Amino acid sequence: MAISELDIPTGVVAHSSASPQRQAELMADSVAKALVYAVQTHGVASLVVSGGRSPIAFFELLSTQELDWSKVQISLADERWVSPDDPASNEGLVRRHLLKNAAREARLIGLYQPTDSVEQAALLADRALGQLTRPIDVLVLGMGDDGHTASLFPGNPGLAHALREDCQERCLPMQAPFAPQARLTMTYPLLACARKQCLAIQGADKLETLRAALIADPLQMPIRAFLHSPLEIYWCP
């Protein structure tokens, strides 16, 4: 199955690449252009990215793009509640693979806070995100096999609140169904305010998940809440 066979909503743009490397190249070029435009237009740009293994090639390529990175804020759609030196940390991933080369001048607004509970950490992260320029200029999301995105996991008691369009919190605690379970996630209104929204997925299994999400309820498959304009989907086999 190809992404062209899916019933993609009007206004959503789907890009198909022949390989993960080509996908990363297309995304890096597109994201860099959007950041350049934001800096030129507003004097500052904001980029929110997701973690995991898939974005590494994209991060590496984006880090070499020539633009005024000193005027770019980078934050995370979600975070594992572990210190940045933990292998599972999204912040650590960004520091190793994105905040280098030309991009070393960018400013990172992390979500992790070393507190007594993930609930307290979410409150401090929410406060820190007050510094993030909004609307977000570029958002890059991923998607799990269960249809979650960021750390908006189906089955969480706080999911319905986090997906509300009028949710006042910028960051909330969430529990993943696998370790490390304690998570911090940006909420729907903050994520969805982004001017440019990208969803990066790879493989036939993720394409099947996307097909199911297109007809699902957001509480069952939270990525469904983002499947509308101005989303761009980047897929490769």
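Parameters and conventions
Residues numbered from 1 in each chain as written. Predicted model: local features only at pLDDT ≥ 70, side-chain atom pairs only at ≥ 80, totals over all residues. Heavy atoms only, no water. UniProt positions renumbered as here; feature names shortened; annotations may be inferred. Phe/Tyr/Trp six-rings, centres within 6.5 Å; stacked < 30°, edge-to-face > 60°. Helix = DSSP H or I, 4+ residues; strand = E, 2+ residues; numbered from the N terminus. Buried < 20%, exposed > 50% of the residue type's maximum accessible area, 1.4 Å probe, protein only. Pairing = 2+ DSSP bridges. Core = buried A, V, L, I, M, F, W, Y, C linked by side-chain atoms within 4.5 Å. Contact = heavy atoms within 4.5 Å. Axes fitted to C-alpha atoms, helices over the stretch in contact; angles between N-to-C directions. Disulfide = S-S within 2.5 Å. Expected span 1.5 Å × (residues − 1).

- Under an unreviewed UniProt entry, the name given to the protein is 6-phosphogluconolactonase, and the organism recorded is Stutzerimonas stutzeri.
- UniProt, in the comment section headed Catalytic activity (unreviewed entry), describes the protein in these words: "6-phospho-D-glucono-1,5-lactone + H2O = 6-phospho-D-gluconate + H(+)".
- In UniProt, the protein has this text filed under Pathway (unreviewed entry): "Carbohydrate degradation; pentose phosphate pathway; D-ribulose 5-phosphate from D-glucose 6-phosphate (oxidative stage): step 2/3."

Here's the deal with the packing of aromatic side chains
Here's step 1: For the structure shown, the criterion picks out 3 aromatic pairs.
Here's step 2: Taken together, a centroid distance of 5.8 Å and an interplanar angle of 85 degrees make the contact between F153 and F178 edge-to-face. Residue F153 is located in the loop between strand 6 (138–141) and helix 5 (159–162), and its partner F178 is located in the loop between strand 7 (171–175) and strand 8 (182–186); the two are separated by 25 residues in the primary sequence.
Here's step 3: In this structure F153 comes out as buried when scored by relative accessible area, which is 0%.

Focus on the environment of D68
Here's step 1: Residue position: D68 is located in the loop between helix 2 (56–62) and strand 3 (72–76).
Here's step 2: Considered as a pair, D68 and V44 are 24 residues apart in the sequence and their alpha carbons are 9.2 Å apart.

Notes on unusual backbone geometry
Here's step 1: Geometrically, the link from A179 to P180 is a cis peptide bond, its omega value of -10 degrees lying close to zero.
Here's step 2: Assignment of secondary structure puts P180 in the loop between strand 7 and strand 8.
Here's step 3: Backbone torsion omega between S229 and P230 reads 10 degrees, so that peptide bond is classified as cis.
Here's step 4: With respect to the secondary-structure elements, P230 resides in the loop between helix 7 (203–213) and strand 10 (231–236).
Here's step 5: Here the phi dihedral of N101 falls at roughly 50 degrees; this positive angle occurs in a residue that is not glycine.
Here's step 6: Mapping N101 onto the fold places it in the loop between helix 3 (90–97) and strand 5 (107–109).
Here's step 7: Given the relative accessible area of 36%, N101 is considered partly exposed.

Structural notes on the pairing of strand 9 (residues 196–202)
Here's step 1: Burial of strand 9 is extensive: 5 of the 7 residues sit out of reach of the surface.
Here's step 2: Of the pairings in the sheet, the one linking strand 6 to strand 9 comprises 4 bridges and is parallel in character. If you follow V140 over to strand 9, its bridge partner there is C198.
Here's step 3: Here strand 9 runs beside strand 10; their pairing, made up of 6 bridges, is parallel. Paired with Q202 across the two strands is C236, which belongs to strand 10.

Re the UniProt feature "domain: Glucosamine/galactosamine-6-phosphate isomerase" (unreviewed entry) in the protein
Here's step 1: In this numbering, the UniProt entry assigns the feature "domain: Glucosamine/galactosamine-6-phosphate isomerase" (unreviewed entry) to residues 20–235.
Here's step 2: Spanning residues 20–235, this segment combines 32% helix with 19% strand, and its end C-alpha atoms are found 8 Å apart.

Considerations on the nonpolar core
One recurring pattern in soluble globular proteins: nonpolar side chains tend to sit buried together.
Here's step 1: Judged by nonpolar contacts, the single largest core of 82 residues is most densely connected at L47, I74, L199 and L210.
Here's step 2: With 9 residues, helix 1 (residues 20–42) is the single largest residue contributor to this core.
Here's step 3: Not counting residues within four places of it along the chain, the set of residues in contact with L210 comprises I3, L6, M143, L199, I201, L227 and I233.

What about the sheet that holds strand 7?
Here's step 1: Across the sheet, 3 strands lie side by side as 4-8-7; this open sheet has antiparallel pairing. Taken across any chain shown, the strands that pair with only one partner, and hence form the sheet edges, are strand 4 (78–80) and strand 7. Strand after strand, the sheet turns through a mean of 25 degrees between neighbouring axes, direction not considered.
Here's step 2: Looking at chain direction, strand 4 and strand 8 are connected through 3 bridges and run antiparallel.

Section: the state of the cysteines
Here's step 1: Under the criterion given, the structure shown has 0 disulfides.
Here's step 2: For the unlinked cysteine C198, the closest cysteine sulfur is that of C193, found at 14 Å.
Here's step 3: Cysteine C236 remains unbridged, with the sulfur of C198 as its closest cysteine sulfur at 14 Å.

Structural notes on helix 1
Here's step 1: Taking 1.5 Å per residue as the helical rise, helix 1 with its 23 residues ought to reach 33 Å, and the 32 Å between its terminal C-alpha atoms agrees with that figure.
Here's step 2: Of the positions making up helix 1, those classed as buried are Q23, A24, M27, A28, S30, V31, A32, A34, L35, A38 and V39.
Here's step 3: Phi for G43, located one or two positions after helix 1, is positive at around 85 degrees.

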